[in-house]
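# Inside the fold
Residues per chain, in single letters:
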Amino acid sequence: MRRDRKTGGDMTVVPMQERHLAALAAIEQACFHAPWSEAMLREELGKGLFLAAEQAGRTVGYVGCQTVLDEGYITNVAVSPDARRQGIARALLRELLARAAERALAFVTLEVRASNAPAIALYAQAGFEPVGTRRNFYTAPTEDAVLMTRFLKE
Ligand SMILES: CC(C)(COP(=O)(O)OP(=O)(O)OC[C@H]1O[C@@H](n2cnc3c(N)ncnc32)[C@H](O)[C@@H]1OP(=O)(O)O)[C@@H](O)C(=O)NCCC(=O)NCCS
């Protein structure tokens, strides 16, 4: 049976909009060594598949996926440190994959730090398969990237 913990109460996933940008830039700062700025996030409005999670009126996380023809490239997945382990990232990926299938994307792919066990577990649970590595892809610290892909059609 599928294990699916309830996501925190009134959590919703919606397309990223202007009202989310400041909070998402702050989440980027809290999560990453080279965070996306508010301006970089604004550039993505209305493009690709960028989705934000809201909980009790607060922006708590997001997933970003750029699209090229029928290919999806996840550029960002992040949840606010104080909102983790409630299923928010899982809900974001589920909605992303549903929208990717609606758009007839062939696959959605991403890179993740080899040591980022929480993220690798999250992606594996969402049906992403490891398809390769990029040596020394990341800096500060230098680390390999694991490439993971979720295929959506034959
Ligand atoms: C990775 C991240 C997005 C997960 O967000 P989250 O909302 O806490 O994840 P969820 O609650 O939806 O968890 C879904 C699954 O992911 C895995 N997972 C999430 N956090 C985990 C952790 N700390 N340790 C192990 N597995 C974890 C589990 O398989 C989990 O399923 P389970 O709860 O049934 O065990 C979040 O930890 C984060 O923002 N990290 C910093 C940014 C980052 O590393 N992003 C990915 C870059 S590629």
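Given the structure is predicted, the values throughout are model-derived calculations rather than measurements. (Residues numbered from 1 in each chain as written. Predicted model: local features only at pLDDT ≥ 70, side-chain atom pairs only at ≥ 80, totals over all residues. Heavy atoms only, no water.)

## What about the environment of Glu95?
To be explicit about the condition: By the criteria applied, helices consist of DSSP H or I runs no shorter than four residues and strands consist of E runs no shorter than two, each listed in order from the N terminus. Exposure is judged per residue with a 1.4 Å probe applied to protein chains only, and the accessible area is read against the type maximum: over 50% gives exposed, under 20% gives buried, and values in between give partly exposed. Contact between two residues is taken to exist if any of their heavy atoms lie within 4.5 Å; hydrogens are not considered.
The topology assignment puts Glu95 in helix α3 (residues 88–102). Judged by its relative accessible area of 27%, Glu95 falls in the partly exposed class. Sequence separation between Glu95 and Leu49 is 46 residues; the distance between their C-alpha atoms is 10.0 Å. Setting aside residues no more than four positions away along its own chain, Glu95 makes contact with Val13 and Leu51.

## Side note on the site of the ligand
Which entries qualify depends on this criterion: Here a residue is near a molecule or strand as soon as one of its heavy atoms is found within 4 Å of it. Under the rule applied, a polar contact is a pair of N or O atoms within 3.5 Å (in protein, one hydrogen donor and one hydrogen acceptor; residues adjacent in sequence only if both atoms are side-chain atoms). Areas reported here follow the Shrake-Rupley algorithm with a probe of radius 1.4 Å; residue values treat only the protein chains shown as occluding. The residue classification treats Ala, Val, Leu, Ile, Met, Phe, Trp, Tyr, Cys and Pro as nonpolar and Asp, Glu, Lys and Arg as charged. All others, Gly included, are polar.
The local shell around the ligand holds 23 residues, among which Val77, Arg85, Gly87, Arg90 and Asn116 are the closest. One of the backbone nitrogen or oxygen atoms of Gly87 is found 2.8 Å away from an oxygen atom of the ligand. Here an oxygen atom of the ligand and a backbone polar atom of Ile88 are 3.5 Å apart. A total of 920 Å² of accessible area belongs to the ligand in isolation, and the protein chains cover 82% of it. Going through the elements one at a time, β4 (71–79), α3, β5 (107–113) and α4 (117–125) are the ones with two or more residues in the shell around the ligand. Broken down by element, the shell around the ligand gets its largest block of residues, six residues, from α4. Residues belonging to the shell around the ligand are distributed by class as follows: 13 nonpolar, four polar and six charged.

## Topic: α4
Heads up, the condition is: By arc we mean the arc of the directions from the helix axis to the C-beta atoms, nothing more.
Where α4 is concerned, the buried positions are Ala119, Leu122 and Tyr123. The arc enclosing the buried residues of α4, seen along the axis, measures out at 95°, which places them on a common side. In this fold, the buried residues of α4 make contact with β4, α3, β5 and β7 (143–151). Downstream of α4 by one or two residues, Gly127 has phi in the positive range, about 90°.

## Let's talk about the nonpolar core
In plain terms, the rule: Only buried Ala, Val, Leu, Ile, Met, Phe, Trp, Tyr and Cys residues count toward a nonpolar core, and they belong to the same one when joined by side-chain atoms within 4.5 Å.
Judged by nonpolar contacts, the single largest core of 31 residues is most densely connected at Ile74, Leu96, Val108, Tyr123 and Phe128. Contributions of two or more residues to this core are made by β2 (49–55), β3 (58–68), β4, α3, β5, α4 and β7. A total of eight residues in this core trace back to one element, the largest contributor, which is α3. Each residue touching Ile74, except ones within four places of it in the same chain, is listed here: Val63, Gly64, Cys65, Leu93, Leu96, Val108, Thr109, Leu110 and Phe128.

## Concerning the packing of α3 against α4
Here is the rule: The convention used is that axes are lines fitted to C-alpha atoms, helices contributing only their stretch in contact, and that angles between N-to-C directions extend from 0 to 180 degrees. Reported orientations rely on four angle classes, namely roughly parallel under 35 degrees, roughly antiparallel over 145, roughly perpendicular from 65 to 115, and oblique for the rest. Handedness of a crossing follows from how the near helix is turned relative to the far one, being left-handed for an anticlockwise turn of less than a right angle and right-handed for a clockwise one.
The interhelical angle for the contact between α3 and α4, taken along N-to-C directions, is 40°, at an axis separation of 10 Å. Here α3 lies oblique to α4, going by the angle between them. Here α3 runs over α4; the crossing is right-handed. Within the contact between the two elements, α3 uses Ala89, Arg90 and Leu93 and α4 uses Leu122, Tyr123 and Gln125. Considering only residue class, the contact of α3 with α4 consists of four nonpolar, one polar and one charged.

## Concerning the pattern of salt bridges
Close approach of charged atoms allows side chains of opposite charge to pair. To keep things clear, this is the line we draw: Put simply, a salt bridge is a Lys or Arg side-chain nitrogen that is within 4 Å of an Asp or Glu carboxyl oxygen.
Going through the model one piece at a time under the given rule, you end up with nine salt bridges. Across the pair Arg19 and Glu54 runs a salt bridge whose closest N-O atoms are separated by 2.8 Å. In this pair, Arg19 sits in the loop between β1 (12–15) and α1 (21–31) while Glu54 sits in strand β2, placing the two residues 35 residues apart along the sequence. Residue classification places Glu54 among the buried residues on the basis of a relative accessible area of 15%. The salt bridge involving Lys47 is made with Glu43; its shortest N-O contact spans 3.6 Å. Several salt bridges share partner residues, and in doing so they unite Glu18, Glu38 and Arg42 into one network.

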